[in-house]
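Below are the chains, spelled out letter by letter.
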Amino acid sequence: MTIHVIGAGVAGLAAALALAEAGRPVTLHEAAPVAGGRCRALPDGTDNGTHALLGANAAALGLLRRIGALEGWVEPEPEGLPVLDLRDHRAFRVALSPLAWRDPALRPPGLSAGALLALARLALPGRDRAVGPAMAAHPEFHRGFVDPLVIAALNTPSDEASANRLGAVLRRLGGRGATRLLVARSGLGPDLVQPALAALEGQGAVLRFGARLRRLVTGGGRVVGLEFGEDAATLGPGDAVVLATPPWESQRLLPHLETPLAYAPIVNLHYAHPNPGPVRFIGMLEALCQWVLVRPAGVSVTVSAGDAAAREDAETLGPRAWAELRAAALAFGLPGDWPEAPPPCRVVKERRATPRHAPGTPLRPPRLLLANLALAGDWTEPVLPATIEASVRSGEAAARALMR
């Protein structure tokens, strides 16, 4: 019996590992020459973006633990998240946990009893609505804390973002250590993808790269064959498939599958700027740069819900972001040389990075599509927004569905 996992993004890696650990023979097929999906979207295989995890991301952290990669993840800002507000160039720190807001030095701008009550109401399940209008009575707290959180977690502007999706995130942040922010010291390639591949090889899994699935052959309510162009695989009675591909690829293979109707872009900028100091993670307000990750090999910037940035030319994005980075370096005393002229920059625009998480009934595709075909991917998670955590949860859920 062989289980074929289609797609070596985070969801596919999580599904393949769960199946292999349970003693199932696994073959992992990936269309690209490298694994990692959108987390390793650059031509040289390095990771793309300022990906971060929280202590509440139990599934993702559990995966890192099992593949021996957790030590590669560090907490860059244990004293609170540094934030630079370009409206008035004020630099301050914010705690992600409301319990720490008893310290005035760690409170978000505009915090009041009414603003805290409004945030608590967003955490409660109920009638869905847009986050922005729900926080309209507390504009400074919304601008300085809620809106950046919404854009980071949901990749959707808060005026159109689902309060229920945000509430699902907020409800997970109450446990001990739940708001610890962690980043990969060297990147998702060396600190997640490569250890996962090594763990799969150690379990005897077969890895196939450059193998794009052209067609699913079905019959009798199950998958009976996989066509990869020049080669094909015939599935026996005990064989099964996990389809862990982006929604548009999944719909190409299964035309009647319901997939998201709208997507939100993410724009990432990567500067070749060696960092002689520790790993840092910085937030910015009223800026093109929303999140800044400073690592030994360079500086990365993420612009989530980046509709405007996705339309802007790379030739202007790079210098604009670099000017803001120099301001952040000055405000927080980042080591190294930050010249006026920007260093070489690579701009990556993911125009369909995640679904737009708008209010309304969430998409709930069935986990088991056919008797031996399970669906995975961050977009299939019915509660959490499309994140690394959702990817891991969906892959492990697909593996459980097939093993049942």
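That block above? That's the structure.
Note that the coordinates shown come from a computational prediction; the quantities given were computed from them, not determined experimentally.

A. Local environment of the pairing of strand β9 (residues 215-219). Bridge count between β9 and strand β10 (residues 222-227): five bridges; the pairing is antiparallel. Bridge pairing in β10 places arginine 215 opposite glutamate 227. Hairpin connection of β9 to β10: two residues between the antiparallel strands, including glycine 220 at a positive phi of 65°.

B. Summary view of the packing of helix α1 (residues 10-21) against helix α7 (residues 188-202). At a minimum axis separation of 10 Å, α1 and α7 run at an interaxial angle of 30°. Classified by the angle between their axes, α1 and α7 sit roughly parallel to one another. When the axes of α1 and α7 are compared, the crossing they make is left-handed. Residues Leu13, Ala16, Leu17 and Ala20 of α1 form the contact with α7, whose own contacting residues are Val193, Ala196, Leu197, Ala199 and Leu200. Here the contact of α1 with α7 is composed, by residue class, of nine nonpolar, no polar and no charged.

C. Fine view of the packing of aromatic side chains. Taken as a whole, this structure holds seven aromatic pairs when the rule is applied. When the centroid spacing of 6.1 Å and the interplanar angle of 85° are considered together, the rings of tryptophan 101 and phenylalanine 141 count as edge-to-face. Pair noted here: tryptophan 101 is in the loop between β6 (90-94) and α3 (113-123) and phenylalanine 141 is in helix α5 (residues 139-154), with a separation of 40 residues, a long-range link. Neither tryptophan 101 nor phenylalanine 141 differs from the other in exposure class; each is buried.

D. Expanded view of the nonpolar core. Counting residues in each nonpolar core, the largest one holds 45 residues, and the members touching the most others are Leu13, Leu64, Trp73, Leu200, Val242, Ile388 and Val392. When contributions to this core are tallied by element, the ones reaching two or more residues are β1 (3-6), α1, β2 (26-30), α2 (58-66), β7 (181-184), α7, β12 (240-243) and α11 (388-403). The element that contributes the greatest number of residues to this core is α1, accounting for ten residues. Not counting the four nearest positions on each side in its chain, leucine 64 is found in contact with Leu53, Ala69, Leu70, Trp73, Asp191 and Leu192.

E. Here's a closer look at the sheet that holds β1. The mixed open sheet is built from six strands, whose spatial order is β8-β2-β1-β12-β19-β18. Both outer strands of the open sheet, β8 (206-209) and β18 (368-370), are each paired with one neighbouring strand and no more. Adjacent strand axes in the sheet meet at a mean angle of 20° when their direction is disregarded. Where β12 and strand β19 (residues 373-375) come together, three bridges link them in parallel fashion. Bridge pairing in β19 links leucine 243 to leucine 375. Most of the contacts of α11 go to β19, to which it runs at about 160°, and overall it touches β1, β12, β18 and β19.

What counts, and at which threshold
- Residues numbered from 1 in each chain as written.
- Predicted model: local features only at pLDDT ≥ 70, side-chain atom pairs only at ≥ 80, totals over all residues.
- Heavy atoms only, no water.
- Pairing = 2+ DSSP bridges.
- Helix = DSSP H or I, 4+ residues; strand = E, 2+ residues; numbered from the N terminus.
- Axes fitted to C-alpha atoms, helices over the stretch in contact; angles between N-to-C directions.
- Parallel < 35°, antiparallel > 145°, perpendicular 65-115°, else oblique.
- Left-handed = near helix turned anticlockwise from the far one by under 90°.
- Contact = heavy atoms within 4.5 Å.
- Nonpolar A, V, L, I, M, F, W, Y, C, P; charged D, E, K, R; others polar.
- Phe/Tyr/Trp six-rings, centres within 6.5 Å; stacked < 30°, edge-to-face > 60°.
- Buried < 20%, exposed > 50% of the residue type's maximum accessible area, 1.4 Å probe, protein only.
- Core = buried A, V, L, I, M, F, W, Y, C linked by side-chain atoms within 4.5 Å.

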